[in-house]
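Secondary and tertiary structure notes
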Amino acid sequence: MKLYGFAMSNYYNMVKHAVLEKGIACEFINTRSSQDPEFLAKSPMGKVPLLETEHGFLTETNVILDYLEECYPAVKLLPESCFARAKVRQLMKTQELYVEAPSHELVGVLFKREIPAHVEVASQLNARKGLAALGRLVNFKPWICGEQLTTADIFVFYSFTLSNRLTQQVYNWDMLKEIPGLNNWYQRFAELEITQGILAENTAAAAELAARVG
Ligand SMILES: N[C@@H](CCC(=O)N[C@@H](CS)C(=O)NCC(=O)O)C(=O)O
């Protein structure tokens, strides 16, 4: 198995974490997203993460996470019951659509691009609404969906590594303080050995980008 992506990519890091958590033999290949026809043949939107399996290529983080769970069930990242699994996916989808997506509108700030005023306003309004929704789903007992560490922990954690960096830079707004227990959970997940390795590479890549952009 080969996983393509780069250390600044929150989505790549989600899949990388799941692969490492499951102990799957996998080669991690530093790759940028691309619109080259050769890359588009493997990743239809030209995005990463891109997973190469013995059967072919897969994209879309939640699809890849489900594939890994079905093919490598020895270490489980989803609960047993169908309903509990659906709750994990509901939480991930809520983060993706209503917290990650509006915050992602600010990504230009990493490249010192001006964020239009209307985007700045709408992004924060929408992210606030999404955070309130997230707050209605989490339980931190001690993980985000209960006693078991699941793909929801992985997804939400790496989503915040980027989105919270963006909102702090643009609004000086720490989203982790918006939901009681969220910051403690974030720190707990950050202490995992696998997370530490991924975060070290992510932080180095962010510093390298900041130095390059000036
Ligand atoms: N919906 C995709 C999002 C992946 C994504 O946006 N990846 C970024 C890197 S973090 C990318 O490849 N961006 C390049 C582009 O949008 O063309 C997923 O779930 O995997």
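Residues numbered from 1 in each chain as written. Predicted model: local features only at pLDDT ≥ 70, side-chain atom pairs only at ≥ 80, totals over all residues.

1. What about the overall build of the chain?
Put simply, the rule is: Counting from the N terminus, the helices are DSSP H or I runs at least four residues long and the strands are E runs at least two residues long. Values of the radius of gyration come from C-alpha atoms, whereas the globule rule sets the reference at 2.2 Å times the count of residues to the power 0.38. For the exposure call, what matters is how many other C-beta atoms sit within 10 Å of a residue's own: 20 or more marks it buried, 12 or fewer exposed, and in between partly exposed, using C-beta atoms placed from the backbone.
Counting its regular elements, the chain contains eight helices and four strands. Going residue by residue from the N terminus, the α and β elements of the chain occur as β-α-β-α-β-β-α-α-α-α-α-α. Relative to its length of 214 residues, the chain is compact, with a C-alpha radius of gyration of 17 Å against a globular reference of 17 Å. Within the chain, buried positions represent 32% of all 214 residues.

2. Observations concerning unusual backbone geometry
Here the residue pair V48 and P49 is connected by a cis peptide bond, since its omega of 10 degrees sits within 30 degrees of zero. Positionally, P49 belongs in the loop between α2 (37-40) and β3 (50-52). At the junction of K141 and P142, the peptide bond is cis and its omega measures out at 0 degrees in the coordinates. For P142, the location among the structural elements is in the loop between α5 (117-135) and α6 (151-171). Notably, E60 is not glycine yet its phi reads approximately 80 degrees, a positive angle. With respect to the helices and strands, the residue E60 is situated in the loop between β4 (57-59) and α3 (61-71).

3. Thoughts on the sheet that holds β4
What counts, and what does not: Two strands pair under a simple rule: DSSP has to find at least two bridges between them. The angle between two axes is taken between their N-to-C directions and runs from 0 to 180 degrees, where each axis is a line fitted to C-alpha atoms and a helix contributes only its stretch in contact.
Spatially, the four strands line up as an open sheet ordered β2-β1-β3-β4, and their pairing is mixed. Lying at the two open borders of the sheet, with one neighbouring strand each, are β2 (27-30) and β4. Averaged over neighbouring strand pairs, the angle between their axes works out to 20 degrees when direction is ignored. With three bridges joining them, strand β1 (residues 2-5) and β3 adopt antiparallel strand pairing. From the neighbouring strand, Y4 faces β3, where its bridge partner is L50.

4. Digging into the domain arrangement of the chain
Our working rule: Domains are outlined according to an automatic or database domain assignment. Placing C-beta atoms from the backbone, we regard two residues as in contact once those atoms come within 7 Å. Following the grouping adopted for this structure description, the nonpolar residues are Ala, Val, Leu, Ile, Met, Phe, Trp, Tyr, Cys and Pro, the charged ones are Asp, Glu, Lys and Arg, and the polar ones are all others, Gly among them.
According to the domain assignment, the chain consists of domain 1 (2-71) and domain 2 (82-213). Spacing between the C-alpha centres of domain 1 and domain 2 amounts to 20 Å. The interface is formed by 13 residues belonging to domain 1 together with 16 residues belonging to domain 2. Put simply, the parts of the chain that give the side of domain 1 that touches domain 2 at least two residues each are α1 (10-22) and α3. Looking at the side of domain 1 that touches domain 2 element by element, the count peaks at eight residues for α1. Here the side of domain 1 that touches domain 2 is built from residues that sort into seven nonpolar, four polar and two charged.

5. Brief notes about the nonpolar core
Soluble, globular proteins show a tendency: their nonpolar side chains are buried together. Worth spelling out the cut-off: Here, a nonpolar core means buried Ala, Val, Leu, Ile, Met, Phe, Trp, Tyr and Cys residues linked by C-beta atoms lying within 7 Å of one another.
If you look at the biggest cluster of nonpolar residues, it comprises 37 residues, and the most contacted ones within it are M14, V15, A18, I144, A152 and F155. Broken down by secondary-structure element, the contributors of at least two residues to this core are β1, α1, β3, α3, α4 (82-104), α5, α6 and α7 (182-190). When residues of this core are assigned to their parent elements, the largest contribution, seven residues, is made by α6. There are two domains that each give this core at least three residues, and those are domain 1 (2-71) and domain 2 (82-213). If sequence neighbours within four positions are ignored, F155 has contacts with M14, M92 and Q95.

6. A word on the site of the ligand
Here is the rule: Placing a C-beta atom from the backbone of each residue, we mark the residue near a molecule or strand if the atom is within 6 Å of it.
Close to the ligand lie S9, N10, Y11, S33, G46, K47, V48, P49, E60 and T61, which account for all nearby residues. Here the residues of the shell around the ligand sort into three nonpolar, five polar and two charged.

7. So, α1
We count it as follows: By this rule the span expected of a helix is its residue count minus one, scaled by 1.5 Å.
Taking 1.5 Å per residue as the helical rise, α1 with its 13 residues ought to reach 18 Å, and the 19 Å between its terminal C-alpha atoms agrees with that figure. Of all 13 residues that make up α1, eleven are buried, and the element is covered over most of its length. When α1 is considered as a whole, its buried residues turn out to be N10, Y11, Y12, N13, M14, V15, K16, H17, A18, V19 and E21. Elements in contact with the buried residues of α1: β1, β2, β3, α3, α6 and α8 (193-213).

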